[in-house]
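Examining the three-dimensional arrangement
So you can see what is in the structure, the chains are spelled out below.
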Amino acid sequence: MNTPPPSPTGLQRRLVYALLRPAVRLARRFRLPLKALESLCRLAYFEELRLARGLPHTDIARALDMSPRTVATLEKQLRGDFLAPAREVEFARRVEDALGEARTVEAVAADLDAPPDDVRRTVEGLVGSGRVRALGDDTFVVDRAYVSLVEDALAARIDGLNHQLDVIAAAVVSRFLNGPGPSLARTLSFVADPARVEQLADRLARELRRQCGDTEEEALRDGAHQNYALTFALAPTDVDEEIDR
């Protein structure tokens, strides 16, 4: 007997539920109360509508079925110190991405719709860290010789996590909701000697970086391209996650 396909609403809820499971798994591991998890979910939903979509408070209140006063409280939370470090690192990553080709500070600011002074301060920080180099005439470009597969700073690592999960969410939208462009999601399960897995991960990361770089150069040369991102994750799946009694 064939199972009927889910309704549009049913599919939407299944996809959201599937993406919530990793967050709930961490909440269980941290013994996070349900009320705290609900609060974080409200704040994340507000951030998506306010910052990513640019909706005004009235539309957000309607979408979240909340009072304008509650929405204003969420705005205050979001503008506070809780997410400030993550926003700063994310902005630095956006500036660095924009400098994949040689560009001026003014051009990057216009592209990101950001104040030129903020972009300049960020670029100066990237130059100081060796990630970006100056070409003269207020023009900068990413230093391709600078390779960093691991960021030690907590804020940078969390920003990397946000970026990785954004790619996963984009793949879900593309594969289940007919998003633009081809997408791929594969999971390979295998057994291995833990002492050799780190070397395997390094080899895979280097090969992926090389292949993506070659593909990007071909696209830029041909003049036909679309933005893509690839997330690579490798982890043991039999780690004991039971809560300590």
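Residues numbered from 1 in each chain as written. Predicted model: local features only at pLDDT ≥ 70, side-chain atom pairs only at ≥ 80, totals over all residues. Heavy atoms only, no water.

Re the packing of helix α6 (residues 105-112) against helix α7 (residues 116-128)
Heads up, the condition is: Convention adopted: a line fitted to C-alpha atoms gives each axis, helices being fitted over their contacting stretch, and angles between N-to-C directions are expressed from 0 to 180 degrees. Put simply, DSSP H or I for four residues or longer makes a helix, DSSP E for two residues or longer makes a strand, and each gets a number counted from the N terminus. Here the angle decides the label: under 35 degrees means roughly parallel, over 145 means roughly antiparallel, 65 to 115 means roughly perpendicular, and every other value means oblique. For any pair of crossing helices, the crossing counts as left-handed if the nearer helix is rotated counterclockwise from the farther one by less than a right angle, and right-handed if it is rotated clockwise. Throughout, a contact is declared for two residues whenever any of their heavy atoms are within 4.5 Å. Any residue that is not Ala, Val, Leu, Ile, Met, Phe, Trp, Tyr, Cys, Pro, Asp, Glu, Lys or Arg is counted as polar, Gly included; the first ten are nonpolar and the last four charged.
As a packed pair, α6 and α7 sit with axes 9 Å apart at the nearest point and diverge in direction by 120°. Considering the angle they form, α6 stands oblique to α7. When you trace α6 past α7, the crossing you get is right-handed. Listed contacts from α7 to Val105, Glu106, Val108 and Ala109 of α6 are Pro116, Val119 and Arg120. Residues that form the contact of α6 with α7 fall into these classes: five nonpolar, no polar and two charged.

Brief notes about the sheet that holds strand β3 (residues 139-142)
For sheets, the rule is that strands pair by backbone hydrogen bonds, running either parallel or antiparallel. The following threshold applies: When DSSP locates at least two bridges between a pair of strands, those strands are taken to pair.
Within the open sheet, the three strands sit side by side as β1-β3-β2. Their pairing is antiparallel. Two strands bound the open sheet, and with one partner strand each, they are β1 (103-104) and β2 (132-136). Pairing of β2 with β3, which is carried by four bridges, proceeds in the antiparallel orientation. Considered in β3, the bridge of Ala134 is made with Phe140.

Notes on the nonpolar core
Selection criterion: Joining through side-chain atoms within 4.5 Å is the link that ties buried Ala, Val, Leu, Ile, Met, Phe, Trp, Tyr and Cys residues into a set, and such a set is a nonpolar core. A 1.4 Å probe rolled over the protein chains alone gives each residue an accessible area, and that area as a share of the maximum for its type sets the label: buried under 20%, exposed over 50%, partly exposed in between.
Counting residues in each nonpolar core, the largest one holds 15 residues, and the members touching the most others are Val95, Leu99, Val108 and Val119. Only α5 (84-98), α6, α7 and β3 provide two or more residues apiece to this core. No other element matches the four residues that α6 contributes to this core. In this structure Val95 touches Val108, Leu112, Val119, Thr122, Val123 and Leu126, once residues within four positions along its chain are discounted. Counting residues in hydrophobic clusters, the runner-up holds eleven residues, among them Phe46, Met66, Val71 and Leu83.

Structural notes on the packing of helix α1 (residues 8-29) against helix α8 (residues 154-176)
Two numbers describe how α1 lies on α8: the axes approach to 12 Å, and their chain directions differ by 155°. Considering the angle they form, α1 stands roughly antiparallel to α8. When the axes of α1 and α8 are compared, the crossing they make is right-handed. Every residue of α8 that contacts α1 at Leu11, Leu15 and Leu19 is listed here: Ile168, Val172 and Phe176. For the contact of α1 with α8, the class distribution of residues is six nonpolar, no polar and no charged.

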